[in-house]
Amino acid sequence: MSDERPELRASDADRDRVVERLRDAVAEGRLDMEEFEERLEAAYKSRTYAELEPLTRDLPAPAGGPVGHRSEAAAEPWRGRIGGPGSSSAAVAVMSGFQRKGRWTVPERFDAVAFWGGGELDLREADFAQREVVINCVAIMGGIEITVPPGVELDVRGFGFMGAFDQRDNPGPFEPGAPRVVVTGFAFWGGVEVKVKKRKRPLDGPSLRKDR
């Protein structure tokens, strides 16, 4: 990255390469989790090469190549599944229910509301409009269930008051090129449950996207 002009704006691929090097550094014992989380947040917020470069400046290049470069085949599970317009931006259930599953495109921000009702968001076969997506949930005397595949980067930040906002499972190690799913919101006399399950069947890259 030092060969690039520092004032130029970085791409998603540039940020991804830095994030992958940071993840390797954790596995190698060069960074602790606190340092990793700080640099990870800074990487996703970076807009230029000048902002990205310091994040890996004190890390040696991984064996076999320059910092941040990996075999393209390593990102194969997510190739073609990130980028493009979202299928829908919200779902509301008032004394009823909603469901998003199968091949659909999660937008950069998705708002889910359940009032005396329930909703299901299944991301196992979904595409993603951006590398990082935010799912904001409001569950009032109702419930919302979110299912993600193993390998995604999962960040659950919601708050439950006389209710529950729970992450049931650990998504496991991040897969190269996987999206980051941030789940936030509020549950009152209701619940939001995030669980991790394997895909029902293998996905062969991008497919025709269908709104649901």
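Up top you'll find the structure we're talking about.
Since the model is a prediction, treat every value here as computed from it, not as a measurement. Each chain carries its own residue numbering, running from 1 in the written order of its sequence. With the structure being a predicted model, the display of local features is reserved for residues of pLDDT at least 70 and the display and counting of side-chain atom pairs for 80 or more, all residues being used for whole-chain, interface and lining totals. Note that water and hydrogens are dropped before the side-chain values are worked out from all heavy atoms of the structure.

Trainee: It is not clear to me how the pattern of salt bridges should be interpreted in this structure. Could you clarify?
Mentor: Pairing between side chains of opposite charge can happen when their charged atoms approach one another. Just to be clear on terms, a salt bridge is a Lys or Arg side-chain nitrogen sitting within 4 Å of an Asp or Glu carboxyl oxygen. Tallying each qualifying case throughout the model produces 18 salt bridges. One salt bridge in this structure joins R23 and E20, with 2.7 Å as the shortest N-O distance. Remark: E20 and R23 occur in helix α1 (residues 12-27); sequence separation between them is three residues, near one turn of the helix. The exposure classification of R23 matches that of E20, with both residues buried. Each member of the salt-bridge network shares a partner with another, and the members are E20, R23, E132, E153, D155, R157 and R180. Helix and strand assignments come from DSSP, with helices taken as H or I runs of at least 4 residues and strands as E runs of at least 2, each series counted from the N terminus. Burial classes: relative accessible area under 20% of the type maximum marks a residue as buried, over 50% as exposed, and values in between as partly exposed (1.4 Å probe, protein chains only).

Trainee: It is not clear to me how the sheet that holds strand β2 (residues 97-100) should be interpreted in this structure. Could you clarify?
Mentor: Strands sit in the order β2-β5-β8-β13-β11 across an open sheet of five strands; the sheet is parallel. The sheet is open, and its two edges are formed by β2 and β11 (164-167), each paired on a single side. Pairs of neighbouring strands in the sheet enclose a mean axial angle of 5°, with direction left out of account. Between any two strands, pairing holds if DSSP finds at least two bridges. Between N-to-C directions, angles span 0 to 180 degrees; the directions come from axes that are lines fitted to C-alpha atoms, helices contributing only their stretch in contact.

Trainee: Looking at this structure, how should I read the nonpolar core?
Mentor: Soluble globular proteins tend to pack their nonpolar side chains together in the buried interior. By size, the foremost hydrophobic cluster in this structure holds 30 residues, and its most contacted members are L121, L123, I144 and I146. Of all elements in the fold, only β1 (90-94), β4 (109-115), β7 (132-140), β8 (143-148), β12 (180-188) and β13 (191-196) reach the threshold of two or more residues within this core. If you tally residues by element for this core, the top one is β7, at four residues. We call two residues in contact when some of their heavy atoms are within 4.5 Å. L121 has contacts with F98, R100, W104, F110, A112, I135, E145, I146 and T147, leaving out every residue within four places of it along the chain. Within the second largest apolar cluster, 14 residues are counted, among which are L22, A25, A43 and L52. What is meant by a nonpolar core is a set of buried Ala, Val, Leu, Ile, Met, Phe, Trp, Tyr and Cys residues, joined one to another through side-chain atoms within 4.5 Å.

Trainee: Is there a simple way to think about the pairing of strand β5 (residues 118-122) in this case?
Mentor: Residues in a regular strand point their side chains to alternate faces of the sheet. Two strands pair when backbone bridges link them, and β2 and β5 are joined in this way by four bridges, in the parallel orientation. Counted as the bridge partner of R100 is L121 from β5. Relative to β8, β5 runs parallel, the two sharing five bridges. Each bridged residue has a counterpart across the sheet, and for L121 the counterpart in β8 is I146.

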